[in-house]
Amino acid sequence: MTTVIAVDLGGTNLRTALIDSDATVLAYTATRTPTRGPSGQVITDAIIARIEALLASPQGREVAGDIAVIGVGSAGPLDLGRGWVTNSPNIAFPVVEITEPLRERFGLPVALINDARAGVLGERWAGAARDSENVVYVTLSTGIGGGAVVNGRLLLGVSGNAGEVGHLSVDTHYNLTCGCGLIGHWEGYASAKYVPQFFAAWREEADIRRVAFDATSARKIFEAARAEDPVALAFMEALGQVNARGVSNIIVAYNPDVIVLDGPLAQFHGDIVIRHMEPYIDRYLTLPRIVVSGLAGRAPLLGAAFYALDTQQEGSE
């Protein structure tokens, strides 16, 4: 059975796994994505080190002869021609070289794809969208990313960056700055990194002097809402409206029958996100099924493996 080395490079976490062609995760590691150093080479080196640790594990030694390809899902934007991550708002370095260093070190073909595009493939392969030909995957993580399969085909775009839904324009009132430097983007309001920024702007406008929770942490804000803090719940209504604008744009752009939410905010607080968002979603088209991923954050790893297997098969035909 063919085995893939899968990598999920995010702004916060770096995950690696050995995954077989039946979508079984044979071995798994996770660490923090490096944020300090002279260049993006520190991230490349960290990926290589994690892969070496996988290969040295008992599971890695057992399947060594079956490993055929490396699949990497990474936060974007990507330069697929060079095999680089370039100017990502959620990665600390302007360039991270991926494809060539991994190919040279391990002597295996390397398939690079955006992590959210990998996520939608993972959900179709082994998750909540297995029976869907029209699905959009949205990760509410350090940033916000997306991937779309339409009529059974993954949308990639001219440079592999189709589906950057975190950079949909959702607001012209607060005019908050996104990590990419532009104004009004969904990511700049509703990602884990920027929820506190939105809360601060909302709180100032609402003239709320005191809060009973740590408003500098998205996790703490959501936990306060779960505890029914009235200020946190009022903010959830404002956040729900912003999320609804992003999801409404997704629905009219892609016409999916299911939207799968993933990332830490969805994994831990998906019920709150959906409850406060759903009433504000436009009903111009039929509302799709909106669900939280059941893959425990591994959809991008599984999708990177699937994409690598598929790319390898296409190359051999």
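Look a little higher up for the structure.
Residues numbered from 1 in each chain as written. Predicted model: local features only at pLDDT ≥ 70, side-chain atom pairs only at ≥ 80, totals over all residues. Heavy atoms only, no water.

### Structural notes on the nonpolar core
Membership of the largest hydrophobic core comes to 45 residues, with the highest contact counts inside it found for Val138, Trp186, Phe198, Phe235 and Ile259. If you list the elements that add at least two residues to this core, you get strand S9 (135-140), strand S10 (144-150), helix H5 (187-190), helix H6 (195-206), helix H7 (218-226), helix H8 (230-254), strand S12 (258-262) and helix H9 (264-277). Sorting elements by how many residues they give to this core places H8 first, with 12 residues. The residues touching isoleucine 259, leaving out its near neighbours within four places in the chain, are Val136, Val138, Val247, Ile250, Ile251, Pro288, Arg289, Ile290 and Val291. (Core = buried A, V, L, I, M, F, W, Y, C linked by side-chain atoms within 4.5 Å. Buried < 20%, exposed > 50% of the residue type's maximum accessible area, 1.4 Å probe, protein only. Helix = DSSP H or I, 4+ residues; strand = E, 2+ residues; numbered from the N terminus. Contact = heavy atoms within 4.5 Å.)

### Re the side chain of threonine 3
Residue placement: threonine 3 occurs in strand S1 (residues 3-9). A relative accessible area of 2% places threonine 3 in the buried class. Setting aside anything within four residues of it in sequence, one finds threonine 3 in contact with Leu18, Ile19, Asp20, Leu26, Val63, Asp66, Ile67, Ala68 and Val69.

### Some remarks on the sheet that holds S1
Ordered in space as S3-S2-S1-S4-S8, the 5 strands form an open sheet in which the pairing is mixed. Each edge of the sheet is formed by a strand with only one pairing partner; in this case those strands are strand S3 (25-32) and strand S8 (110-114). Within this sheet the neighbouring strands show an average axis-to-axis angle of 15 degrees, counted without direction. Contacting S1, strand S2 (13-20), S3 and strand S4 (67-74), helix H1 (residues 41-56) runs over the sheet at an angle of about 35 degrees to S2. With respect to the sheet, helix H4 (residues 115-126) is in contact with S1, S2, S4 and S8, its orientation differing from that of S8 by roughly 100 degrees. (Pairing = 2+ DSSP bridges. Axes fitted to C-alpha atoms, helices over the stretch in contact; angles between N-to-C directions.)

### Thoughts on helix H3 (residues 99-106)
Among all positions in H3, only Thr99, Pro101, Leu102 and Phe106 are buried. Elements in contact with the buried residues of H3: H1, S4, strand S7 (95-97) and S8. Count one or two residues on from H3 and you reach glycine 107, which has phi positive near 65 degrees.

### Some remarks on the pairing of S1
Counting buried positions along S1 gives 7 out of 7 residues, so the element sits mostly inside the fold. Side chains of S1 alternate between two faces, with Thr3, Ile5, Val7 and Leu9 and Val4, Ala6 and Asp8 buried alike. The turn linking S1 back onto S2 is made up of 3 residues.

### Observations regarding unusual backbone geometry
Peptide bonds are mostly trans, and most non-glycine residues show a negative phi. Here glycine 76 and proline 77 are connected by a cis peptide whose omega angle stands at 5 degrees. With respect to the helices and strands, the residue proline 77 is situated in the loop between S4 and strand S5 (78-79). The phi dihedral of glutamate 228 is positive, around 65 degrees, even though this residue is not glycine. Structurally, glutamate 228 is set in the loop between H7 and H8. The phi angle at asparagine 255 is positive, at roughly 50 degrees, despite the residue not being glycine. As for its position among the elements, asparagine 255 is in the loop between H8 and S12.

### Let's talk about the pattern of salt bridges
Scanning the entire structure with this criterion turns up 9 salt bridges. Glutamate 133 serves as the salt-bridge partner of arginine 124, at 2.9 Å between the closest nitrogen and oxygen. In this structure arginine 124 comes out as partly exposed when scored by relative accessible area, which is 22%. The salt bridge partner of lysine 220 is glutamate 223, with a shortest N-O separation of 4.0 Å. In this pair, lysine 220 and glutamate 223 are both assigned in helix H7, 3 residues apart and thus about one turn of the helix distant. Here lysine 220 falls in the partly exposed class, since its relative accessible area comes to 31%. Residues participating in the shared-partner salt-bridge network are Arg219, Lys220 and Glu223. (Salt bridge = Lys/Arg side-chain N within 4 Å of Asp/Glu carboxyl O.)

### Overview of the sheet that holds strand S13 (residues 289-292)
The sheet built from 5 strands is open, its strands ordered S11-S10-S9-S12-S13 with mixed pairing. The open sheet has two free edges, formed respectively by strand S11 (153-154) and S13, since each of these has just one partner strand. In terms of strand pairing, S10 meets S11 through 2 bridges, oriented antiparallel. Each bridged residue has a counterpart across the sheet, and for valine 149 the counterpart in S11 is leucine 154.

### Regarding the packing of aromatic side chains
Per the counting criterion, the structure on display carries 8 aromatic pairs. Ring centres 5.6 Å apart and planes at 45 degrees place the aromatic pair phenylalanine 199 and tryptophan 202 in the tilted group. Placement of the pair is phenylalanine 199 and tryptophan 202 together in helix H6, with a separation of 3 residues, close to one helical turn. For tryptophan 202, a relative accessible area of 11% corresponds to the buried category. Note on phenylalanine 199 and phenylalanine 235: the rings are 5.1 Å apart at their centroids and 80 degrees apart in plane angle, and the pair reads as edge-to-face. Of the two residues, phenylalanine 199 sits in helix H6 while phenylalanine 235 sits in helix H8, which places them 36 residues apart along the sequence. Exposure remark for phenylalanine 235: the relative accessible area of 0% places this residue in the buried category. Ring-pair connections join several aromatic residues into one group, and the members of that group are Tyr174, Tyr189, Phe198, Phe199, Trp202, Phe213 and Phe235. Stacked on the ring of tryptophan 84, the Lys or Arg arginine 82 has its end atom at 5.0 Å from the ring centre. One residue, arginine 298, lies across the ring of tyrosine 28, its end atom 3.9 Å from the ring centre. (Phe/Tyr/Trp six-rings, centres within 6.5 Å; stacked < 30°, edge-to-face > 60°. Lys NZ or Arg CZ within 6 Å of the ring centre and 35° of its normal.)

Coordinates in, geometry out; function isn't part of it.
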